[in-house]
Amino acid sequence: MQNRYPSVFAETVARAPFVKPNRTWQYISSDAQDLSPKHQQRRVGAYFLDVNLSAKKAVARARQFLVAFGHSANELSIHRQPGPPKLKGASLFGKPIPAKTYIEMLTSVVAELQNRHLDTFSMIVGNEKDFRGTKRWIISRDPDDLGTLSTRSTRQVGDYWIYTGGTGRVPRAHKFLEAFGHDPKELVVHTSDE
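Residues numbered from 1 in each chain as written. Predicted model: local features only at pLDDT ≥ 70, side-chain atom pairs only at ≥ 80, totals over all residues. Heavy atoms only, no water.

### Description of the environment of Phe 48
Item 1. Locating Phe 48 in the fold gives a position in strand β3 (residues 47-50).
Item 2. With a relative accessible area of 17%, Phe 48 lands in the buried category.
Item 3. Leaving out residues up to four positions away in the same chain, Phe 48 has contacts with Tyr 27, Ile 28, Ser 29, Ser 30, Asp 31, Ala 32, Leu 35, Gln 41, Arg 42 and Arg 43. (Helix = DSSP H or I, 4+ residues; strand = E, 2+ residues; numbered from the N terminus. Buried < 20%, exposed > 50% of the residue type's maximum accessible area, 1.4 Å probe, protein only. Contact = heavy atoms within 4.5 Å.)

Following this line, the structure appears as structure tokens:
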């Protein structure tokens, strides 16, 4: 829309449905301060978008943009990819661990490592190479270090908070195991596609 309508883009996103009188925060603005600080943002061209949305709501919002610029919502076609296999169970060091979801699997691995490495846990997870990305830590005593204020993306495990959002939770669990000197194969994950 920015590319197609550069002359009217600013004017269009400055009115309904993008700006509502009773709304504290906007979800698109050229000023990042207009968006909720509690939500994740993405910059698109000269604008910032609030992207703290479920897949269904993201599609609905994209269609709002199309309609606002005079297009049919049906101009956007969504082709769904098959989702990741469902987790059926997992074991660690030869014993079953609580793992009805990938998040439970990841938190169980962290809990077990805390129990096994009480004296060295804090020192090892302070290694930036293993536990810090370009923008955030993936484990910290301070949840603000994780770079996200969405409670859906973090879990507390003992004295620590871990980042559980996104994909790749099995590789993340493997990274934890390797950092503590364990073979990633100690974690066995059973999925629905087996």
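### Comments concerning the sheet that holds strand β8 (residues 160-163)
Sheets are built from strands that pair by backbone hydrogen bonding, the pairs being arranged parallel or antiparallel.
Item 1. What the 3 strands build is an open sheet, ordered β6-β8-β7; its pairing is antiparallel. The open sheet has two edge strands with one neighbour each: β6 (139-140) and β7 (154-157).
Item 2. As paired elements, β7 and β8 share 4 bridges and run antiparallel to each other. Across the sheet, the residue bridging to Gln 156 is Trp 161, located in β8. (Pairing = 2+ DSSP bridges.)

### Focus: the packing of aromatic side chains
Item 1. The full count for this structure, using the stated rule, is 8 aromatic pairs.
Item 2. Between the aromatic rings of Tyr 5 and Phe 69, the centroid separation amounts to 5.4 Å while the plane-to-plane angle is 20 degrees, which identifies the pairing as stacked. Taken as a pair, Tyr 5 in the segment before α1 (9-12) and Phe 69 in the loop between α2 (55-68) and β4 (87-92) lie far apart in primary sequence, 64 residues in all.
Item 3. The exposure class of Tyr 5 is partly exposed, given its relative accessible area of 23%.
Item 4. The class of Phe 69 is buried, set by a relative accessible area of 9%. (Phe/Tyr/Trp six-rings, centres within 6.5 Å; stacked < 30°, edge-to-face > 60°.)

### So, the nonpolar core
Item 1. Met 105, Val 109, Phe 131, Ile 139, Phe 176 and Leu 187 are the most contacted members of the largest nonpolar core, which totals 30 residues.
Item 2. Of all the elements, helix α3 (residues 102-116) adds the most residues to this core, at 6 residues.
Item 3. Every residue in contact with Ile 139, bar those within four places of it in the chain, is listed here: Val 110, Phe 121, Val 125, Phe 131, Leu 146, Tyr 160, Trp 161, Ile 162 and Phe 176.
Item 4. Within the second largest apolar cluster, 8 residues are counted, among which are Phe 18, Tyr 27, Ile 28 and Phe 69. (Core = buried A, V, L, I, M, F, W, Y, C linked by side-chain atoms within 4.5 Å.)

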